[in-house]
Structures are given as structure tokens and as C-alpha cells.
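The lines below spell out each chain.
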Amino acid sequence: MTRAQENFLAMARTAELLLHRPEVTAAWQRPSALPEFSIGGLAGHLAYQILCVPTALAGPPPVEETVPLLGHYQRAKWVGAPLDADINVQLREGGEDIAAVGPEALAEQVAATLTELTAALAKEDGARPVRLSFWPPYTLTIDDLLVTRTMELAVHSDDLAVSAGIPTPDLPPEAAESVLDLLTRIATWRHGPLNVLRALSRAERAPESIAAI
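Residues numbered from 1 in each chain as written. Predicted model: local features only at pLDDT ≥ 70, side-chain atom pairs only at ≥ 80, totals over all residues. Heavy atoms only, no water.

A. Looking closely at the overall build of the protein. Helices and strands together make up the secondary structure of the protein, namely 9 helices and 2 strands. For the protein, the sequential pattern of α-helices and β-strands runs α-α-α-α-α-α-β-β-α-α-α. Relative to its length of 213 residues, the protein is compact, with a C-alpha radius of gyration of 17 Å against a globular reference of 17 Å. If one aligns the C-alpha atoms of the protein with their principal axes, the spans along those axes are about 50 × 40 × 35 Å. With 213 residues in all, the protein has 48% of them scored as buried. Expressed as a percentage of contacts within the protein between residues at least 6 apart in sequence, the contacts between residues at least 24 apart total 73%. (Helix = DSSP H or I, 4+ residues; strand = E, 2+ residues; numbered from the N terminus. Rg over C-alpha atoms; globule rule 2.2 N^0.38 Å. Buried < 20%, exposed > 50% of the residue type's maximum accessible area, 1.4 Å probe, protein only. Contact = heavy atoms within 4.5 Å.)

Shown next, in the form of C-alpha cells:
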């Protein structure tokens, strides 16, 4: 397996264990730490980052342009979009729809998908272009897709743990390194290298935020 595949599976297993936590199940209907997301809906959005991958792998060979990793975020409608933007409403509704099966069924669905993906990714070299159905007309390589999903899993695992009042699971070290590298690249694109440099090294001159997403 490639490094991106290993990192994705490691982070996905961490998220799967979180979805099985009884505290998450007990809090399913409560509001989450993210505005207008229930804890169940947030769990559904977290699960989607795993559940979407088999569909992408099984899709027909795409004909659209393959863009680099950062190009995905430069084209993504949700980056910097307000809470009530159509794309963010769609993401919240999608999470709630996925969560409608209930916490136990969703956790088992994720576990089964991870077993499937472990076998499927072992047959891929990571370079094949794929796309998700809701994306604009472009593709990413499998490995770049997995890097985007690894970041989503890390960020939303923290969101879900905080929402349920439990400690955030430790991030697998190599997956965390990949996520932080990606977030730094996105932040640099959005805010400029000087602002990122100052935020990381000179708090007295740092901007108020260098949030990547």
C-alpha cells in the first residue's frame, strides 16, 4: 500500500472506534459543537468520509481533468462559504440522512466498509484518477482523494469527540503529519506565507486567524 492509503485506513479505524462509543450513541439527538449539526448528523458526515470511497473506486473511468491536491480546495465551493450557503446546507442534510439509520447501524456499516476498503486499496497504486459525484467536473488521483478524506476524518473526529464530551482520540502519527501538511498548504494559499509564518513563530505579529477551512 501507498503511504496515503495507510494513513487513510489508520485514521478511518480511529473514527470507526469513535462511532462505536456509547457516549456518541447516547448523545445522538443533541446539538453538536458545529452550528446546525446534530451529533448524529455530524457522525453521519464523519462516516461519509469513509463510505464515499468505495463508490469513487468503483465508478467508471472519468474523463475530466485531473487536478493537483491543492487545486481541489481552490475549486471547492465550501471553502470559506458562510454557514447558510447552499453547499453547507447540503453537507449538513447529507450527514443527517446518513445518520438516519441510527448509531449502531451506522457504526457497523462503517466497519464493514473498512474491511472492504482494506482489500480494495491493496490492489491500487494510488495514481488512478477518480471523482466523487457531487464534485465539479474534475478528478483527483486515488491517493490525493484519500489525503482529503484523512484530513476530514481527523478534523471531524475532534468535532465529534468534543460534541459528545469525551477525549479526542490520539491521531495516528503519520496520518497527523499528512493532515497538518495539507492544512498548512491550504492556510498558506488562503492567507499568504507571511501570515502563516508569523502565526507559527511570532504571535505578537500574527493575524487573528490563519484557519485553513
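B. Highlighting the packing of helix 1 (residues 3–19) against helix 6 (residues 103–121). At a minimum axis separation of 10 Å, helix 1 and helix 6 run at an interaxial angle of 165 degrees. It follows that helix 1 is roughly antiparallel to helix 6 by the angle criterion. Crossing hand, helix 1 versus helix 6: left-handed. Of helix 6, the residues touching helix 1 (which contributes Q5, F8, L9, A12, R13, E16 and L19) are A107, V110, A111, L114, L117, T118 and L121. Partitioned by chemical class, the residues of the contact of helix 1 with helix 6 number 10 nonpolar, 2 polar and 2 charged. (Axes fitted to C-alpha atoms, helices over the stretch in contact; angles between N-to-C directions. Parallel < 35°, antiparallel > 145°, perpendicular 65-115°, else oblique. Left-handed = near helix turned anticlockwise from the far one by under 90°. Nonpolar A, V, L, I, M, F, W, Y, C, P; charged D, E, K, R; others polar.)

C. Representation of the pattern of salt bridges. Taken as a whole and assessed by the stated rule, the structure comprises 6 salt bridges. Of the charged contacts in the structure, one is a salt bridge between E174 and R3, with a shortest N-O distance of 3.4 Å. Taken together, the positions of E174 in helix 8 (residues 173–191) and R3 in helix 1 put the pair 171 residues apart, joining distant regions of the chain. Of the charged contacts, one joins E124 and R128 as a salt bridge, the two residues approaching to 2.7 Å between their closest N and O atoms. (Salt bridge = Lys/Arg side-chain N within 4 Å of Asp/Glu carboxyl O.)

D. Quick look at the nonpolar core. Within the largest apolar cluster, 63 residues are counted, with the highest numbers of intra-cluster contacts made by F8, L19, I50, Y73, L153 and L160. Listing elements by their share of this core, those giving two or more residues are helix 1, helix 3 (39–58), helix 4 (69–75), helix 5 (86–99), helix 6, helix 7 (142–164) and helix 8. Residue contributions to this core peak at 11 residues, all from helix 3. Other than its neighbours up to four places away in sequence, I50 contacts F8, A12, A15, V110, T113, L114, L117 and L153. (Core = buried A, V, L, I, M, F, W, Y, C linked by side-chain atoms within 4.5 Å.)

E. Expanded view of the side chain of T148. Here T148 shows up in helix 7. A polar side-chain atom of T148 sits 2.6 Å from the main-chain carbonyl oxygen of L145. Not counting chain neighbours up to four residues away, the residues in contact with T148 comprise L69, H72, Y73, L140 and L182. (Polar contact = N/O pair within 3.5 Å; in protein donor to acceptor, adjacent residues only side chain to side chain.)

F. View of the packing of helix 1 against helix 7. The interhelical angle for the contact between helix 1 and helix 7, taken along N-to-C directions, is 25 degrees, at an axis separation of 9 Å. Taken together, the axis directions place helix 1 and helix 7 in an arrangement best described as roughly parallel. As helix 1 packs across helix 7, the resulting crossing turns out to be left-handed. Of the residues in helix 7, those touching helix 1 at A4, Q5, N7, F8, M11, A12, A15, L18 and L19 are D143, L146, V147, R149, T150, L153, A154, S157, L160 and A161.

G. Focus on the packing of aromatic side chains. According to the stated counting rule, one finds 0 aromatic pairs in the structure shown. Against the face of Y138 rests R75, its NZ or CZ located 5.9 Å from the ring centre. (Phe/Tyr/Trp six-rings, centres within 6.5 Å; stacked < 30°, edge-to-face > 60°. Lys NZ or Arg CZ within 6 Å of the ring centre and 35° of its normal.)

H. Representation of unusual backbone geometry in the model. Located in the positive-phi region is E36, a residue other than glycine, with phi close to 70 degrees. Mapped onto the elements, E36 comes out in the loop between helix 2 (22–26) and helix 3.

Everything listed is a geometric property; what it means functionally is a separate question.
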